[in-house]
Amino acid sequence: NRRRQQMAKTLQAQAVANGSGELKQLLANFNQVARGLQVLAMAAIGKTAATHRALSSFPEMAPFARLWGVCGVMVPIQECFTVPLPPAPTTPAAAATRPQAIWAQDIVLITGLEENITIMHSMQKPKRFVFAGSDGGQHPFLAKPKDDLRKDYRLMDFAGVANSLFAGGTASRRRGLTLRTYAVIVLTED
């Protein structure tokens, strides 16, 4: 863990040292967003209500509130973590054509944080919140404190494979069988 942390810090320091002012600002914004999400995940729950107002119930979030709309940080949705593979060529002419760019889809940026935060009724009491995206959509997330997210990540990998198999079968495609997946992002080493 320490070696990985040191490597990440070294890479980020090199990017800041060699990058443009825009890259430096983006990395600083990303770090602030990550710290804001850590604060949200670890915030103590003083009330028993299931839904809380972000800034009034979690005053620790106030320093990060001004950043949400202008941060330039991508909403971490599952589609952005999956590389779309080009279809297999069916003819020699199709094989000669170049595939589309791998990251052709539009990248959705964080434009805000919805005011309501829901405390889930499980053992870890994760907080459910919604990012507003530059696509006009709402993107729900869970912030889980003190939990090993590696098992969640592996489960999402498995669900992705299952969805690929469902998409390949005529009967499952007709029935619309899919497993709902979400992006797992570890913000701390705990």
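**Side note on the overall build of the chain**
Scanning the chain from terminus to terminus reveals 7 helices and 5 strands. When burial is assessed residue by residue, the chain has 26% of its 190 residues classed as buried. For the chain, long-range pairs separated by at least 24 residues make up 56% of all intrachain contacts whose partners lie at least 6 apart in sequence. Of the roughly 13200 Å² of accessible surface on the chain, a fraction of 58% belongs to carbon and sulfur atoms.

**Concerning the nonpolar core**
Judged by nonpolar contacts, the single largest core of 20 residues is most densely connected at F58, I110 and F129. Looking at this core, the elements with two or more residues in it are α2 (21-42), β3 (116-119), β4 (127-133) and β5 (138-143). Among the elements that make up this core, the one with the highest residue count is α2 (4 residues). If sequence neighbours within four positions are ignored, F58 has contacts with L40, A43, A44, H52, R53, I117, I119 and K127.

**Focus on the packing of aromatic side chains**
Summed over all chains, the structure comprises 3 aromatic pairs. Ring centres of F129 and F141 lie 6.0 Å apart, and the angle between their planes is 25°; on these two criteria the pair is classed as stacked. One end of the pair, F129, is in strand β4; the other, F141, is in strand β5, and 12 residues separate them in sequence. In terms of burial, F129 and F141 fall into one category: buried. Aromatic pair F131 and F141: ring centres 5.4 Å apart, planes at 65°, arrangement edge-to-face. Taken together, the residues F131 in strand β4 and F141 in strand β5 connect sequence positions 10 residues apart. What links up through ring pairs into an aromatic cluster is the set F129, F131 and F141.

**Side note on the pattern of salt bridges**
A complete count under the given rule lists 1 salt bridge for this structure. Measuring nitrogen to oxygen at the nearest pair gives 3.2 Å for the salt bridge that ties D157 to R154. Of the two residues, D157 and R154 both sit in helix α6 (residues 150-168), 3 residues apart, roughly one turn of that helix. Note on D157: relative accessible area 36%, which makes it partly exposed. R154 sits in the exposed class, given a relative accessible area of 56%.

**Some points on the packing of helix α1 (residues 2-18) against α2**
Contact geometry of α1 with α2 gives a least axis separation of 8 Å together with a crossing angle of 145°. Residues Q12, A15 and V16 of α1 pack against L23, K24, L27 and N31 of α2. Residues belonging to the contact of α1 with α2 are distributed by class as follows: 4 nonpolar, 2 polar and 1 charged.

**As for the pairing of β5**
Of the two faces of β5, only the one carrying H139, F141 and A143 is buried; Q138, P140 and L142 on the other face are not. The pairing of β4 with β5 spans 6 bridges and is antiparallel. Its bridge partner being in β5, F129 is matched across the sheet by F141. Between β4 and the antiparallel strand that follows it, β5, lie 4 residues; G136 among them carries a positive phi value of about 85°.

**Some points on the side chain of N163**
Within the fold, N163 resides in helix α6. Excluding residues that lie within four positions of it along the chain, N163 makes contacts with T178, L179 and T181.

**A few points about the environment of M74**
Mapped onto the fold, M74 is located in the loop between α4 (62-65) and α5 (92-96). Given a relative accessible area of 30%, M74 falls into the partly exposed group. In this structure the C-alpha to C-alpha distance between M74 and T111, which are 37 residues apart in sequence, comes to 9.5 Å.

Conventions used here
- Residues numbered from 1 in each chain as written.
- Predicted model: local features only at pLDDT ≥ 70, side-chain atom pairs only at ≥ 80, totals over all residues.
- Heavy atoms only, no water.
- Helix = DSSP H or I, 4+ residues; strand = E, 2+ residues; numbered from the N terminus.
- Buried < 20%, exposed > 50% of the residue type's maximum accessible area, 1.4 Å probe, protein only.
- Contact = heavy atoms within 4.5 Å.
- Areas by Shrake-Rupley, 256 points an atom, 1.4 Å probe, with all protein chains shown as cover.
- Core = buried A, V, L, I, M, F, W, Y, C linked by side-chain atoms within 4.5 Å.
- Phe/Tyr/Trp six-rings, centres within 6.5 Å; stacked < 30°, edge-to-face > 60°.
- Salt bridge = Lys/Arg side-chain N within 4 Å of Asp/Glu carboxyl O.
- Axes fitted to C-alpha atoms, helices over the stretch in contact; angles between N-to-C directions.
- Nonpolar A, V, L, I, M, F, W, Y, C, P; charged D, E, K, R; others polar.
- Pairing = 2+ DSSP bridges.

None of the figures reported here should be taken as evidence of function without further support.
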